[in-house]
Amino acid sequence: MSGLNDCVLIVDDEFLIAEGLRMQVEDIGMVVCATAPSADEAIALAQAHRPVIVLMDMRLLGEKDGVDASLAIHETVGSKVIFVTGSREPSTIARINTDHPAGVLFKPVAEGELREAIEKALSSPQPPE
Amino acid sequence: MGLADWLFNPSGLTPHGFCLSWQPGLVATHVIADTIIGLSYFSIPLAIAAFVKRRPDLHHGWMAYLFVGFILACGTTHLMAILTLWAPAYGIEAVIKVVTAVLSLVTAVALWPLVPQLAAVPSGAQLLALNDELSAQVEAQRRTAELLSSSQAELRAVNQDLKRRVAERTAELEAANARLSAALEEQASVREALSLSEAQFRASFEAAAVGKVQTDPLDGRIIRANNAFAQMLGYDQQALVGRSGWEFTHPDDLAGDQQAYNAVLTGEVGAYVREKRYVRSDGESVWARVSAVVVRAPATGAPILTVAVIENIDARLKAQWALEEANRDLAAALDQRDLLLREVYHRVKNNLQIIDSLLLMQSRRLGDPEAREALSALRSRVYALGLVHHQLMGSKDLQTFDIGPFLDVLSRRVVQASGGGAITLSVDAAPLAVGLDFAIPLGLIVTELVTNAIKHAFPTGEGHIKVRLQTSDNHQVLLTVTDNGQGLRRDDGETAGGSLGSTIINGLVAQLRGKVMIFDNGDGVRAEVALPAPVRP
């Protein structure tokens, strides 16, 4: 996908978690363009920054969840979305899988796990529409 | 002159030829004639004698011998006549003539009295005729005998046929008789069986623990009801007779029941089976399971009788409903519990992620590499706790999970977190279901042992770590973490007693009532942790 910036958007309603993820991303050597606590803000920020990667929590502030935000971002921007979720409910997993996720990580995320997922997402081709 | 001379001395006498003057013709004629006569007279008596000899049955055969003697004597006289032509033996001739005369006389005298007797002897022709007649008679007799014998054979055949038919008829009669006896016997035993089965039916009808009712198939009127049914409805047994079974059916069930019963009555359905309510005499309703069949006339198929068995299922049904309701409540409670547990696990994981972030943030502010390393080790321990909750959340009962996949992911993440790209790992775990109380200490022990191996075994940054978990029949679990590194070193002494890692390992092994042993066998270190297997929750 052309026109994407080499940066990462972090979507999580918990400040400390978003901050911890930001540090891990920076340790990899990437730039965090923004963090968002809700789906609507995430969509707006993604459209503004056009990040190549989005780290997406499932439970967000507001009505919409991570999959809603991810679908919108996938449609309008084309970023690769890696879900970072505390849940492993079958219904949640099924919902995530409707959205061609570039990866799914479960909290707590181990050191190195995030690096592995981002590298894999960047090297993989764009999933077919 | 003597007699001999008189007989044989012819002297003085003249031969007879002299009387004939020796005329040759006369002499020859005499000779020839006398010869023929003499010879013939010799031949005839021979023939007569031969004849008589052959026919000993002749009457008066002695007469024939008289003829033989007399003719022979005559023949001799003729031969003597030839002799006397030349020799004058007239004495001998006279003797012979005397003999002949005597014989002739005797014969002549004897013959006359015989004439009537001989005449009485039947002639050959008479005998032949007689014979013919006799033959005819014999033949007639033979024919008669034949006829008699053939008619006797016919008679015998007829007689035999008659005997056979009599025997056949007798056998038929006997068989018919046997059949009749058997039929009579069978009828008697059927009658006996019938009365027995009637008695049995009455007993089973009356004594049955389930309700039994016989009704008129068309108007539903009760013909007979047993005690169990009467008690079920709270009525006297006799009070039910004559009333319609439908009277006692709960109004809400009546329409459906009648529809189902009519389907049986018309033959659409073979049997009526319904769970329905009756209304008791006290107004309470009672649930029953009713099975009914319609008995029909064999010839016309017309309904004769309806036979119903009514089982009181009130208590059972109500217990079943209560159980179902309790089950539903329980299932709802379980669902609620599961929901809460998942929420708790979710929140624990989220909080651990927050702790991880805090550790990371703190680590950023530290300049001391040792302090940063300590915080990194803390993050590994936090991760182990998070992974246990993650496994629990994915398990079916939310309480136990298989240790194998957990150990595999945990060990790999510890190696990965250390940044040790050249360190390889193999994990081999037997299937073992574990809960939170076992998995958290074990997860932390494995984290410490693998971290230790990474930290101390491989100065070159290359090596292999083997994590293995075995179970035995005597409920023991053996965890081994083996490396192929440089072995224990003096300057690593802190790991033996003083370090945080050692404290954690020793403390948690003791908590699990196990033992830990460290072996340095020259080509690496092997840590063995023997634990009692977890008790299933």
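What you see as residue numbers is a count from 1 along each chain, following the sequence as written. Following the order in which they are written, the chains are lettered starting with A and the ligands numbered starting with 1. pLDDT decides what is reported in this predicted model: residues at 70 or higher carry local features, side-chain atom pairs at 80 or more are listed and counted, and totals for whole chains, interfaces and linings draw on all residues regardless. For side-chain calculations, the full set of non-hydrogen atoms in the structure is used, while hydrogens and water are omitted.

Re the sheet that holds strand S9 (residues 463-471) of chain B
Residue and element names in this part refer to chain B. Pairs of strands are assigned from DSSP output, requiring at least two bridges between the strands. Each helix is a run of H or I in the DSSP string that is no shorter than four residues. Each strand is a run of E no shorter than two, and both are numbered from the N terminus. Strand order across the open sheet formed by 5 strands is S7-S9-S10-S12-S11, with mixed pairing between neighbours. The open sheet terminates on both sides in strands that have one partner only, identified here as strand S7 (423-429) and strand S11 (515-520). In this sheet, adjacent strand axes meet at a mean angle of 10° when their direction is disregarded. Across 7 bridges, the pairing between S7 and S9 is parallel. What sits directly across from Ser 426, in S9, is Lys 466. Against the sheet, helix H15 (residues 500-511) makes contact with S11 and strand S12 (525-532), and its axis sits at roughly 135° relative to S11, the strand it touches most. Between the N-to-C directions of two axes lies an angle of 0 to 180 degrees, each axis being a line fitted to C-alpha atoms and, for a helix, fitted only over the stretch in contact. Contacts were defined at the residue level, with two residues in contact if any of their heavy atoms lie within 4.5 Å.

A word on the confidence of the model for chain B
Per-residue pLDDT for chain B has a mean of 89; in total, 97% of the residues score no lower than 70. Every residue is assigned a pLDDT by the predictor, reflecting its confidence on a scale from 0 to 100. In the model, residues 492-497 of chain B has pLDDT below 50 throughout and makes 9 contacts with residues more than four positions away in sequence or in other chains.

Topic: the side chain of Gln 24 of chain A
Inspection of the secondary structure assignment puts Gln 24 of chain A in helix H1 (residues 15-28). Judged by its relative accessible area of 7%, Gln 24 of chain A falls in the buried class. Setting aside residues no more than four positions away along its own chain, Gln 24 of chain A makes contact with Val 109, Ala 110 and Leu 114 of chain A together with Asp 356, Leu 360 and Arg 379 of chain B. Between buried and exposed lies partly exposed: a residue is buried under 20% and exposed over 50% of the maximum accessible area for its type, with that area taken using a 1.4 Å probe on protein chains only.

A short note on the interface of chain B and chain A
With 26 residues of chain B at the contact, the number on the chain A side is 24 residues. Overall, the association of chain B and chain A removes approximately 2,500 Å² of surface from exposure, summing both partners, and the carbon and sulfur fraction of that is 55%. We define a salt bridge as a side-chain nitrogen of Lys or Arg found within 4 Å of a carboxyl oxygen belonging to Asp or Glu. Taken together, chain B and chain A are joined by 5 salt bridges. Residues Arg 413 of chain B and Glu 116 of chain A are paired through a salt bridge, measuring 3.4 Å at the closest nitrogen-oxygen approach. Any N or O atom pair separated by 3.5 Å or less is treated as a polar contact, with the protein-specific requirement of one donor-capable and one acceptor-capable atom, and with residues adjacent in sequence counted only for side-chain atom pairs. Inspection of the chain B/chain A interface yields 12 residue pairs in polar contact (both at pLDDT 80 or more). The term buried area refers to how much accessible surface (probe radius 1.4 Å) is lost by two components on association, counted for both of them together.

So, the pattern of salt bridges
All names here are of chain B. A complete count under the given rule lists 36 salt bridges over all chains for this structure. A salt bridge links Lys 455 to Glu 373, with the nearest nitrogen and oxygen atoms 3.8 Å apart. Separated by 82 residues along the polypeptide, Lys 455 in helix H13 (residues 436-456) and Glu 373 in helix H11 (residues 369-394) bring together distant segments of the chain. Note on Lys 455: relative accessible area 48%, which makes it partly exposed.

Regarding the packing of helix H12 (residues 403-417) of chain B against H13 of chain B
Residue and element names in this part refer to chain B. For the pair H12 and H13, interaxial distance at closest approach is 10 Å and the crossing angle is 35°. Of the two elements, H12 crosses H13, and the hand of that crossing is right-handed. On the side of H12, the interface is formed by Ile 403, Phe 406, Leu 407, Leu 410, Ser 411, Val 414 and Val 415, while H13 contributes Ala 439, Leu 442, Gly 443, Val 446, Thr 447, Val 450, Thr 451 and Ile 454. Looking at the contact of H12 with H13 residue by residue, the class counts come to 11 nonpolar, 4 polar and no charged. In this scheme the handedness of a crossing depends on how the near helix is turned from the far one: anticlockwise by less than a right angle means left-handed, clockwise means right-handed. Polar here means any residue outside two lists: the nonpolar Ala, Val, Leu, Ile, Met, Phe, Trp, Tyr, Cys and Pro, and the charged Asp, Glu, Lys and Arg; Gly therefore counts as polar.

A word on the packing of helix H2 (residues 39-49) of chain A against helix H3 (residues 66-76) of chain A
Residue and element names in this part refer to chain A. As a packed pair, H2 and H3 sit with axes 9 Å apart at the nearest point and diverge in direction by 20°. Comparing the axis directions of H2 and H3 gives the class roughly parallel. With respect to the hand of their crossing, H2 and H3 are arranged in right-handed fashion. Here Ala 39, Ala 42, Ile 43, Ala 46 and Gln 47 of H2 lie close against H3, whose contacting residues are Ala 69, Ala 72, Ile 73 and Thr 76. Taken together, the residues of the contact of H2 with H3 break down into 7 nonpolar, 2 polar and no charged. What sets the label is the angle itself: under 35 degrees gives roughly parallel, over 145 gives roughly antiparallel, 65 to 115 gives roughly perpendicular, and the rest give oblique.

Regarding the sheet that holds strand S2 (residues 31-36) of chain A
Residue and element names in this part refer to chain A. What the 5 strands build is an open sheet, ordered S2-S1-S3-S4-S5; its pairing is parallel. Each edge of the open sheet is held by one strand with a lone partner, namely S2 and strand S5 (103-106). On average, adjacent strands in this sheet sit at an angle of 20° to one another, irrespective of strand direction. Pairing of strand S1 (residues 5-11) with S2, which is carried by 5 bridges, proceeds in the parallel orientation.

Some remarks on the environment of Pro 534 of chain B
Of note, Pro 534 of chain B is situated in the segment after S12. Expressed as a C-alpha distance, the spacing of Pro 534 of chain B and Val 477 of chain B, which sit 57 residues apart in the sequence, is 8.7 Å.

Some details on unusual backbone geometry
Here Lys 107 of chain A and Pro 108 of chain A are connected by a cis peptide whose omega angle stands at -5°. The topology assignment puts Pro 108 of chain A in the loop between S5 and helix H5 (113-123).

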